[in-house]
Amino acid sequence: MAVAGVVSGKVIYEQEGVYIHSSCGKSNDQDSLISGILRVLEKDAEVIVDWRPLDDALDSSSILYAGKDSSSVVEWTQAPKERAHRGPEHVNSYEAEWDMVNTVSFKKKPHTNGDTPSQRNGKSKWSFLFSLTDLKSIKQNKEGMGWSYLVFCLKDDVVLPALHFHQGDSKLLIDSLEKYVVLCEAPHDKRILLVNCPNKSLSQSFENLLDEPTYGLIQKIKKDPYTATMVGFSKVTNYIFDSLRGSDPSTHQRPPSEMADFLSDAIPGLKINQQEEPGFEVITRIDLGERPVVQRREPVTVEEWTKNIDSEGRILNVDNMKQMIFRGGLSHALRKQVWKFLLGYFPWDSTKEERTQLQKQKTDEYFRMKLQWKSVSEEQEKRNLRLRDYRSLIEKDVNRTDRTNKFYEGQDNPGLILLHDILMTYCMYDFDLGYVQGMSDLLSPLLYVMENEVDAFWCFASYMDQMHQNFEEQMQGMKTQLIQLSTLLRLLDSGFCSYLESQDSGYLYFCFRWLLIRFKREFSFSDILRLWEVMWTELPCKNFHLLICCAILESEKQQIMEKHYGFNEILKHINELSMKIDVEDVLCKAEAISLQMVKCKELPQAVCEILGLQDSEVTTPDSDTGEDEHVDLTACSTPAFQSNSLPVIAASGTSDDSSTQISVSPNVSRLTPA
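Just so you know, the residues in each chain are numbered from 1, in the order the chain's sequence is written. With the structure being a predicted model, the display of local features is reserved for residues of pLDDT at least 70 and the display and counting of side-chain atom pairs for 80 or more, all residues being used for whole-chain, interface and lining totals. Note: side-chain values were computed over all heavy atoms of the structure, leaving out hydrogens and water.

**Q** Got a sec to walk through the overall build of the protein chain? Specific residues and values, please.
**A** A helix here means a DSSP run of H or I that spans at least four residues, while a strand means a run of E at least two residues long, and both kinds are numbered starting from the N terminus. Scanning the protein chain from terminus to terminus reveals 22 helices and 18 strands. For the protein chain, restricting intrachain contacts to residue pairs at least 6 apart in sequence, the fraction spanning at least 24 positions comes to 69%. Within the structure as shown, the protein chain displays about 29700 Å² of accessible surface, and the carbon and sulfur contribution to it stands at 48%. Any pair of residues with heavy atoms lying within 4.5 Å of one another is described as a contacting pair. Surface accessibility follows the Shrake-Rupley procedure with a 1.4 Å probe radius. Residue values consider only the protein chains on display as shielding.

Right under this line is the structure:
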């Protein structure tokens, strides 16, 4: 997509004394050094890298800009004179004339018959700029070899002139770029930094997880669904919508099959099948019956908890206690103690003495693991790329995790040091997974409650046992949960699902962040403590967090449909629910939905598996009656994740008066929710 016009942006990085050595290897060229100014500019959804000679810095008439010729080769041509005027620069903003296309190749614009454009000194022919989304790699100089230099390589091996930093500070540029892209050393050459390297752990694809995206959001949606869906969508506008659909008006109504192709490319393993397939189970519309009214109780008090402990410290009436916690949560004074049971750190049937011994054992084990990374010398770490990457990501995340909370605010906060140390130690505990951005969100409330490094670590390790699949590179946990959520929502409200489908939103992309970090960014800090402890009881059914998603979406259904929200409006609306959701109201609705489904005797087998209901508790309706209207109970956008461990589900695409069929793999019973 080409973008043109005057663009004003915020200066992220600026450095003078950055030279191009124009005559490298050509001793007869006297103009060997061209001094210039290098800037990194942030504008809306783009980050631009711009270099130009110092004496051209205020004259954009000489800048070279990208344009495609008939052979799809990018030409760098002189900017038109009529677009050359620009006012004086300001301290915090910068304007440049630029056109951007997806770079294919690079060549100088040929000029024949002596019609070479006039240039004041011949230097401005070297001016260039590019979008960060087009950057493929950066090559650095060897240490100790004169001035530091960087060579930018764009997509399809477009190589720009080397930039020599005569005044140093090339590392500052790298640090600035790393705010927007992930850079990693190439396996074959440590001097080459690859951009968004695909072979890295999934942790790399969570860059900017907690920040508003400021460049190439549409590229991130296409290439990295995690990042694109985790970050806030408050800046989603028609620009994003048009970018997804293209500028051609004929493409503004994307057919479902085309959106299926798009999603298939975006999420490996996500298959959307619009065609009818044989061998399906026929499922008729289900009457779920009346939804009960649910009321919640007050939080469990210290007195109530103490009454359920015997003389040796064992917890009595565990099932009853879990019910009380599910219906009301815990008073804050109890959380430090009870969360250890809920997360499985302490066995429910353990005595006080056994727990004391366990803590001693776990303390020793923790500090042995902590010593492993603490004792790595600086020289060793230089040869351990993965450990360096983990440390870098952790340091970035820790510095922006819950900093408005008094427990983590301010500089040199001891809470931040503990966050860092626990996450680094977890890398030793599970080195295969290591650290993935977003995990700091799961640890922060645990450390806040425990106020103890060792206890927080083991509670976090237990929580990660539940959440592990969410952060694995193959996205298995996210795939499983999306198909399950879609199936439940289709059962509850097929009309709403159909509307979402019509707006290219049936795949429920906007729920990624909810599922990934268990609503951590959707509720206030105090509310997330309540929500998590309720979910940790594992009541009233399996995958209760999916019913919480359904409850939130049901609450927003009326506004979304009545105001005819489209693709980007839905994304924006869902994102702006953050910190505005009433946790008690959502828990009531979610529990009511669970009771409604449990009481229904005609639930499809796939739904029974998702909620963990026994086969004997439900019956499948007779598919031969033909008395009810039929409904597709598959996902809203009917995704099917083709793998050996997931059900194969497809939409039949039949009319309203015919049966809609789904196939349920026998492997569905082995689904393990993340």
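**Q** Requested: an account of the layout of surface pockets, with residues and values cited.
**A** Detection works on a 1 Å grid of protein atoms alone, calling trapped sets that fit a 1.4 Å probe cavities and calling open sets with protein on both sides within 12 Å along at least five of seven lines pockets, with lining residues defined by an atom within 4 Å of a point. Grid points are joined across faces, edges and corners, and a volume is the space filled by probe spheres set on the points. Taken as a whole, the largest pocket encloses approximately 1300 Å³ of empty space. Residue lining of the largest pocket: 33 residues in total, with Gln-140, Lys-171, Glu-185, Leu-193 and Arg-388 positioned closest to the centre. Of all the elements in the fold, those that place two or more residues in the lining of the largest pocket are β10 (148-154), α1 (170-177), β13 (183-186), β14 (189-195), α10 (378-381) and α11 (385-398). Examining the composition of the lining of the largest pocket, we find that eight residues originate from one element, α11, more than from any other.

**Q** Can you lay out unusual backbone geometry for me, pointing to particular residues and giving the numbers?
**A** Cis peptide bonds are those with omega within 30 degrees of zero, and the linkage from Leu-539 to Pro-540 qualifies with -5°. One non-glycine residue, Asn-317, lies in the positive phi region at around 50°. With respect to the helices and strands, Asn-317 occurs in the loop between α6 (302-307) and α7 (318-328).

**Q** Now, about the packing of aromatic side chains: what can you tell me, with residues and values included?
**A** Aromatic ring pairs are reported here in terms of the distance separating the ring centres and the angle at which the planes meet. Whether two aromatic rings pair depends on their centres lying within 6.5 Å, for rings of Phe, Tyr and Trp, where Trp uses its six-membered ring; planes under 30 degrees apart make the pair stacked, over 60 edge-to-face, and the rest tilted. Summed over all chains, the structure comprises 29 aromatic pairs. Consider the rings of Tyr-390 and Phe-431, whose centres lie 5.5 Å apart with planes at 75°: the pair is edge-to-face. Highlighted residues: Tyr-390 in helix α11 and Phe-431 in the loop between α12 (414-429) and α13 (439-450), separated in sequence by 41 residues. For the exposure calls, accessible area comes from a 1.4 Å probe over protein chains only, and a residue counts as buried if that area is under 20% of its type's maximum, exposed if over 50%, partly exposed in between. By relative accessible area, Tyr-390 is classed as buried at 2%. Seen from their ring centres, Trp-514 and Phe-519 are 6.3 Å apart, and the 35° between their planes marks the pair as tilted. Each member of the pair Trp-514 and Phe-519 is classed as buried. In this analysis the charged atom, NZ for Lys or CZ for Arg, is taken to sit over a ring once it is within 6 Å of the ring centre and within 35 degrees of the ring normal. One residue, Lys-362, lies across the ring of Trp-458, its end atom 4.1 Å from the ring centre.

**Q** I'd like a description of the side chain of Glu-42, backed by residues and values.
**A** Secondary-structure assignment places Glu-42 in strand β2 (residues 33-43). You can call Glu-42 buried: its relative accessible area is 19%. Definition of a polar contact: a pair of N or O atoms within 3.5 Å, with one able to donate and the other able to accept a hydrogen when the atoms are protein atoms, and with sequence-neighbouring residues admitted only if both atoms are side-chain atoms. Within the structure, the side chain of Glu-42 is placed 2.5 Å from the side chain of Tyr-180, a separation counted as a polar contact.

**Q** Any chance you could break down the pairing of β2 for me, citing the residues and the numbers?
**A** The buried fraction of β2 is high, at eight of eleven residues. Two strands make a pair as long as DSSP finds a minimum of two bridges between them. A loop of two residues connects β2 with strand β3 (residues 46-53), the two strands running antiparallel in sequence, and Asp-44 in this loop sits at a positive phi of about 50°.

**Q** Mind laying out α1, listing which residues take part and the relevant values?
**A** Inspection of α1 places Ser-170, Leu-173, Ile-174, Ser-176 and Leu-177 among the buried residues, and these make up the whole buried set. One face of α1 carries all of its buried residues, which in axial projection span an arc of 160°. As used here, the arc belongs to the directions running from the helix axis to the C-beta atoms.

**Q** Describe the pairing of β10, with residues and values.
**A** Remember that side chains alternate between the two faces of the sheet whenever the strand is regular. Counted residue by residue, β10 has six buried out of seven residues, so it is predominantly covered. The sheet contact formed by strand β9 (residues 135-140) and β10 spans five bridges and is antiparallel. Considered in β10, the bridge of Ile-138 is made with Phe-152. Here β10 runs beside strand β12 (residues 163-165); their pairing, made up of three bridges, is antiparallel. Note on β12: the bridge partner recorded for Tyr-149 is His-164.

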